[in-house]
Amino acid sequence: CPQKKMAGEVSLDALPYFDQGYEDPGVREEAARLVEEETRRYRPTRNYLEYLPPVPEDAFMTQVLRAEHERMTFRQPLELLSMKRYELPPPPAGQKNDLKAWTDSINNSSAQLEHQGTRIMNLDLMARFGGNSWQVHNEFLHKMIEQQQRQLQSLRMQIQEINWQRKSEQMKAGAEIHQLENTYALSDNIWVTLKQWHKRFISCLFL
């Protein structure tokens, strides 16, 4: 595991739910010293995340975004919004008697008039049905929020169950360790007592 290698293959041995003495004097300072020592041992490099898959930078890139990124990279000015489509220019001064120039100007005026009529129709439709449409949209957003809240609640319950499981396992392991320590201490005392009795027995044999 790269993370284990980067951490210097430090094996942690702690049961935070069972261990006591974290608030004793000097414990916090010792923990800070260990963190500082590990920080000095960890030497990050430019490629310390090379074990991760590459980031798909072009996953959501479109032609418009790519062009905008290029514009910002070369520090080019932002192109202003063109208003020519809303203008109604007459024929140029040199084409006042040109029928085709007047035809193009009239066609442009008709297109602009149709466009403005479409905008008025859209505004009228929005005034009539926009409220209901927004209400439906808000209900959809409300359902999305409720779904995300249920998912969040489920994740919190899973986290709580994991924490309870960790606490149960650590308390069980801590009790077993405590029992083994008592057993070891008792066996050590018995062994010391047997050695003393053995010495006394040997000394009695040579009296």
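These numbers were taken from a predicted model, which means no experiment stands behind them.

Chemist: Sorry if this is basic, but what is going on with the overall build of the protein here?
Modeler: For the protein, the count of helices and strands is four helices and zero strands. Along its sequence from the N terminus, the protein presents helices and strands in the succession α-α-α-α. The 207 residues of the protein split such that 4% are buried. Counting contacts in the protein only where the partners sit at least 6 residues apart, residues at least 24 apart contribute 60% of the total. Within the structure as shown, the protein displays about 19700 Å² of accessible surface, and the carbon and sulfur contribution to it stands at 60%.

Chemist: Explanation requested: the pattern of salt bridges in the structure shown.
Modeler: Proximity of charged atoms lets side chains of opposite charge pair with each other. Summed over the entire model, instances satisfying the criterion amount to six salt bridges. Among the ionic pairs, Glu30 bridges to Arg33, the shortest N-O distance being 2.5 Å. Here Arg33 and Glu30 lie together in helix α2 (residues 27–41), a separation of three residues that amounts to about one turn. Here Arg33 falls in the partly exposed class, since its relative accessible area comes to 41%. Salt bridges sharing partners connect three or more residues here, namely Glu30, Arg33 and Glu37.

Chemist: Can you walk me through the side chain of Ser105 in this structure?
Modeler: Mapped onto the secondary structure, Ser105 falls in helix α4 (residues 99–205). Residue classification places Ser105 among the buried residues on the basis of a relative accessible area of 13%. Excluding its chain neighbours within four sequence positions, the residues that come into contact with Ser105 are Pro89, Pro90 and Pro91.

Chemist: It is not clear to me how unusual backbone geometry should be interpreted in this structure. Could you clarify?
Modeler: Note: most peptide bonds trans; most residues except glycine with negative phi. In the Ramachandran plot, Arg75 falls in the positive-phi region, its phi being about 55 degrees despite a non-glycine side chain. Its location among the elements puts Arg75 in the loop between α3 (63–73) and α4.

Chemist: What should I look at first to understand the confidence of the model for the protein in this one?
Modeler: As a general rule, the predicted coordinates of low-pLDDT regions are not to be interpreted in detail. With 88% of its residues at a pLDDT of 70 or more, the protein shows a mean pLDDT of 82. Taking the mean pLDDT of every element in the protein, the minimum, 41, falls on helix α1 (residues 2–6) and the maximum, 90, on α3. When the criterion is pLDDT under 50, residues 1–10 qualifies, and its contacts beyond four places in sequence or with other chains add up to 10 contacts.

Chemist: When you look at the side chain of Gln112 in this model, what are you seeing that I'm missing?
Modeler: Mapped onto the fold, Gln112 is located in helix α4. Those residues within four positions of Gln112 in sequence are excluded, and the remaining contacts are Arg85, Tyr86, Glu87 and Leu88.

Chemist: In this structure, what is going on with a nonpolar patch on the surface? I would like to understand it.
Modeler: A surface patch of nonpolar side chains, about 510 Å² in accessible area, is lined by Leu186, Ile190, Trp191, Val192 and Leu194. Residue placement: Trp191 occurs in helix α4. Residue Trp191 is classed as exposed on the basis of its relative accessible area, which comes to 53%.

Criteria and cut-off values
Residues numbered from 1 in each chain as written. Predicted model: local features only at pLDDT ≥ 70, side-chain atom pairs only at ≥ 80, totals over all residues. Heavy atoms only, no water. Helix = DSSP H or I, 4+ residues; strand = E, 2+ residues; numbered from the N terminus. Buried < 20%, exposed > 50% of the residue type's maximum accessible area, 1.4 Å probe, protein only. Contact = heavy atoms within 4.5 Å. Areas by Shrake-Rupley, 256 points an atom, 1.4 Å probe, with all protein chains shown as cover. Salt bridge = Lys/Arg side-chain N within 4 Å of Asp/Glu carboxyl O. pLDDT = per-residue confidence, 0-100. Patch = residues over 30% accessible without salt bridge, like charges linked within 9 Å, V, L, I, M, F, W, Y side chains within 5 Å.

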